[in-house]
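Chain by chain, the residues run as shown.
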Amino acid sequence: MPSPTGNLPGRVAGDYAWVGRFGGQPRDQLLLFDPGDYFRTGKDWWVGSIQDATLRWTRVGNTAGFGNSPEGCAVWSVRTAPGQDGILFYYPGDRNWWLGRTVNNQLQWNVAGNTRGFGQVWDGRPFWTGDFTGDGRTDIMFYYPGDRNWWLGRSDGNALQWNVAGNTSGFGQVWDNRPFWTGDFTGDGRTDIMFYSPGDKNWWLGRSDGNTLQWGYAGNTSGFGQIWDGRPFWTGDFTGDGRTDIMFYYPGDKNWWLGRSDGGQLRWSVAANTSGFGQIWDGRPFWTGDFTGDGRTDIMFYYPGDKNWWLGRSDGNTLQWSVAANTSGFGQIWDGRPFWTGDFTGDGRTDVLFYTPGDRNWWLGNSDGAQLNWTRVGVSVPVYSPPPPPPPPPPAQVRVPNVVGVTEKAANDLLGAVGLGIGFVWNPTGEIDMNRLKVVAQDPPPGTLVNQGSKVNLNVTAERPPGLKSLKLTNLNTDNRSVWLHHWSAQTNSWEELGELARGANKTVSFESGYAHLVVAVDKGLINCTDGSPTNLSCQRFEVGVLGDSNGVAAEAAIY
């Protein structure tokens, strides 16, 4: 039942709170799950909504019947219908997906799907949420590093329908610590995927057409040097044109850079410089949102030193900074308490909400477009919770072994033997076999004392086998047809037609030493082969790439 005083039984845990519109109201609300403790069963779900300057709570359900779920599960807040959000979680035990929707102030649960056919999907592979289909509902996207397929779980508001949304084998392995972002970068109402490759500094945009991801080049930031070096990034519609942009801050010169999306490319420009603040990337918290209500994403940060809140208003091109509040009266609030942002008042502007575990008060920073005006909007009833467990003992320290000169596989084994792991691997070669990659540099260097469990970054290069002098091809086409041989050489960067090769015939192709070569056998009788081009995958009966080497081997191969 509703709690008119704003009281909330149970324990508030920041890890079990989601912002969304769970009751169909024109404002953001807070959905809380109470996991319970040693003295209470818990498992209650509560929705908190700001009404008449008070945070009023409604108990909307209990999931004690699920066991510990959603603890230990993957959980997302999802849009199930226009203006209506729900909660989705995946349970690794039986591979079921559960969807909870609020109907008449109660969470109604149903199985939204089962992915047992995929095996265990909660194994470290990445997941993203967004409206990839453009129908106003939240979908699920995941990438499987094994076969490099992207899978789209399309939501119909009740269940997830899965289909392959693309394959990025042509990029090599993309789940290698490079960053990914989601947003409507094209402005067509569908969520897209953007990633940055630290190796060549290219940006790639996976445009969603509602069913698949179409990948295109979105820019290159070689002129900045290496930007994936720990500096912070944010996404949002900073220009107000309906497309998602990228913003980053460089601690070195304290410049803010805006990557403005034009629907296909990112156009970079300086958006601000905060040298006057000193170094702001020092652990202070940042939030993004439309704090001014003008349809553009702004930046807000809090400085624990003087307790000022600073608002970086976006004018579509630059950030204009001003003091938005000072919370010295609260004491130090950046002490581990949970914060949430959302339009909790329904006025079209992003607000800030925080909870103080000490006195169990809830405070709302209501944005008027320039300032945060703070009011206490509720208090939770004190309940007994056991004291926290003692902190774990400090990790053991070990010295980093020397792994330069061994293969990446051997380096992994040597590091694992002392309780260390591999961190970022700089691999410009495209080779993915750990047994053929040799370590040429490491960080930290050998002998460094580090905590057990730390990561060691590696630079590797490929130890490639000798190339081919020639290749003898025999046509054993199982469909009893001739094929046409084509040869591409990096020396000329052009294709050469070598002629028809009848069934049972053979031909030897020689390779110029030191250059990459590609040999393709075209079968014009294949379905969808309309042009007989060697670059048309539908025409290829056989394809092989080699490195020419006058001292290499003379190989043979059959075309089936």
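The rules behind these values
- Residues numbered from 1 in each chain as written.
- Predicted model: local features only at pLDDT ≥ 70, side-chain atom pairs only at ≥ 80, totals over all residues.
- Heavy atoms only, no water.
- Helix = DSSP H or I, 4+ residues; strand = E, 2+ residues; numbered from the N terminus.
- Buried < 20%, exposed > 50% of the residue type's maximum accessible area, 1.4 Å probe, protein only.
- Contact = heavy atoms within 4.5 Å.
- Lys, Arg positive; Asp, Glu negative; His and termini not counted.
- Charge placed at Lys NZ, Arg CZ, Asp CG, Glu CD.
- Salt bridge = Lys/Arg side-chain N within 4 Å of Asp/Glu carboxyl O.
- Polar contact = N/O pair within 3.5 Å; in protein donor to acceptor, adjacent residues only side chain to side chain.
- Disulfide = S-S within 2.5 Å.
- Pairing = 2+ DSSP bridges.
- Axes fitted to C-alpha atoms, helices over the stretch in contact; angles between N-to-C directions.
- pLDDT = per-residue confidence, 0-100.
- Phe/Tyr/Trp six-rings, centres within 6.5 Å; stacked < 30°, edge-to-face > 60°.
- Lys NZ or Arg CZ within 6 Å of the ring centre and 35° of its normal.

Draft legend 1. The overall build of the chain, seen in detail. When helices and strands are counted, the chain shows one helix and 41 strands. Projected onto the principal axes, the alpha-carbon positions of the chain cover approximately 90 × 55 × 50 Å. A buried classification covers 47% of the 560 residues belonging to the chain. When contacts within the chain are restricted to residue pairs at least 6 apart in sequence, long-range pairs at least 24 apart make up 46% of them. Mean positive and mean negative side-chain charge positions of the chain (45 and 55 charges, respectively) differ by 3 Å.

Draft legend 2. Broad picture of the pattern of salt bridges. If you walk through the whole model with that rule in mind, you get 21 salt bridges. Linking Asp-413 and Lys-409 is a salt bridge whose minimum nitrogen-to-oxygen distance equals 3.0 Å. With a gap of four residues between them, Asp-413 and Lys-409 both fall in helix 1 (residues 408-417), about one helical turn apart. Overall, Lys-409 belongs to the partly exposed group, its relative accessible area being 33%. When salt bridges with common partners are traced through the structure, they connect Asp-479, Arg-481, Asp-523 and Arg-541 into a single cluster.

Draft legend 3. Representation of the side chain of Arg-125 within the structure. Position of Arg-125 relative to the elements: it lies in the loop between strand 9 (106-114) and strand 10 (127-130). Only 3.3 Å separates the side chain of Arg-125 from the backbone oxygen of Gln-120, close enough to count as a polar contact. Polar side-chain contacts of Arg-125 include one of 3.2 Å to the backbone oxygen of Val-121. Filtering out sequence-adjacent residues up to four positions away, Arg-125 remains in contact with Gln-120, Phe-142, Tyr-143, Tyr-144 and Pro-145.

Draft legend 4. Main features of the state of the cysteines. Summed over the entire model, instances satisfying the criterion amount to one disulfide. The disulfide that involves Cys-529 links it to Cys-539, with 2.0 Å between the sulfurs. The disulfide joining Cys-529 to Cys-539 has a torsion of about 100 degrees about its S-S bond and is therefore right-handed. Of the two residues, Cys-529 is situated in the loop between strand 39 (516-522) and strand 40 (540-547) and Cys-539 in the loop between strand 39 and strand 40; the sequence distance between them amounts to ten residues. Under the relative-accessibility criterion, Cys-539 is labelled buried at 0%.

Draft legend 5. Quick look at the sheet that holds strand 34 (residues 455-462). Read from one edge of the open sheet, three strands run 31-34-32, paired in mixed fashion. Among the strands making up the open sheet, the edge pair consists of strand 31 (421-426) and strand 32 (437-443). Across this sheet, the average inter-strand angle for adjacent strands is 40 degrees, counted without regard to direction. Examined bridge by bridge, strand 32 and strand 34 share six bridges and lie antiparallel to one another. Looking at strand 34, one finds that Lys-438 is bridged to Thr-461. Along the sheet, helix 1 makes contact with strand 31, strand 32 and strand 34, crossing strand 31 at roughly 150 degrees.

Draft legend 6. A look at the pairing of strand 37 (residues 494-501). Inspection of the sheet shows strand 36 (residues 483-489) paired to strand 37 by seven bridges, in the antiparallel sense. From the neighbouring strand, His-487 faces strand 37, where its bridge partner is Glu-496. If you look at the hairpin formed by strand 36 and strand 37, you'll find four residues sitting between the two strands, and Asn-493 has a positive phi there, around 55 degrees.

Draft legend 7. Representation of the environment of Trp-281 in the model. Relative to the assigned elements, Trp-281 resides in the loop between strand 21 (266-273) and strand 22 (286-289). Considered as a pair, Trp-281 and Pro-251 are 30 residues apart in the sequence and their alpha carbons are 6.4 Å apart. With residues near it in sequence (within four places) discarded, Trp-281 still touches Gly-230, Pro-232, Trp-234, Tyr-249, Pro-251 and Phe-286.

Draft legend 8. Representation of the sheet that holds strand 21. Taken together, four strands build an open sheet; the order of strands is 18-19-20-21 and the sheet is antiparallel. A single partner strand is all that each edge strand has here, and the edge strands are strand 18 (233-236) and strand 21. Across the sheet, the mean angle from the axis of one strand to that of its neighbour is 25 degrees, orientation sign disregarded. The pairing of strand 19 (residues 245-250) with strand 20 (residues 255-261) spans five bridges and is antiparallel. Looking at the pairing, Tyr-250 lines up with Asn-255 of strand 20.

Draft legend 9. Layout of unusual backbone geometry. Note the cis peptide between Asp-443 and Pro-444, where omega equals 5 degrees. Mapped onto the secondary structure, Pro-444 falls in the loop between strand 32 and strand 33 (449-451). A positive phi angle, close to 55 degrees, is found at Asn-104, a residue other than glycine.

Draft legend 10. Up close: the confidence of the model for the chain. With 94% of its residues at a pLDDT of 70 or more, the chain has an overall mean of 90. Long-range and interchain partners of residues 1-11, a stretch whose pLDDT sits below 50, account for 35 contacts in this model, where long-range means more than four residues apart.

Draft legend 11. Highlighting the packing of aromatic side chains. Scanning the model with the defined rule gives 72 aromatic pairs in all. Ring geometry for Trp-204 versus Tyr-217: centroids 6.0 Å apart, planes at 80 degrees, classification edge-to-face. Of this pair, Trp-204 sits in strand 16 (residues 202-208) while Tyr-217 sits in strand 17 (residues 213-220), and the two are 13 residues apart along the sequence. The exposure class assigned to Trp-204 is partly exposed, which follows from its relative accessible area of 21%. A centroid spacing of 5.6 Å and a plane angle of 85 degrees characterise the contact between Phe-330 and Phe-354, whose relative ring orientation is edge-to-face. Here the residue Phe-330 occupies a position in the loop between strand 25 (319-326) and strand 26 (339-342), and Phe-354 occupies one in strand 27 (residues 351-356), the gap between them amounting to 24 residues. A relative accessible area of 27% means that Phe-330 is categorised as partly exposed. Among the aromatic residues, those joined into a ring-pair cluster are Trp-128, Tyr-143, Trp-150, Phe-171, Trp-175, Phe-180, Phe-195, Trp-204, Trp-215 and Tyr-217. A cation sits over an aromatic face here: Lys-524 above Trp-484, 4.1 Å from the ring centre.

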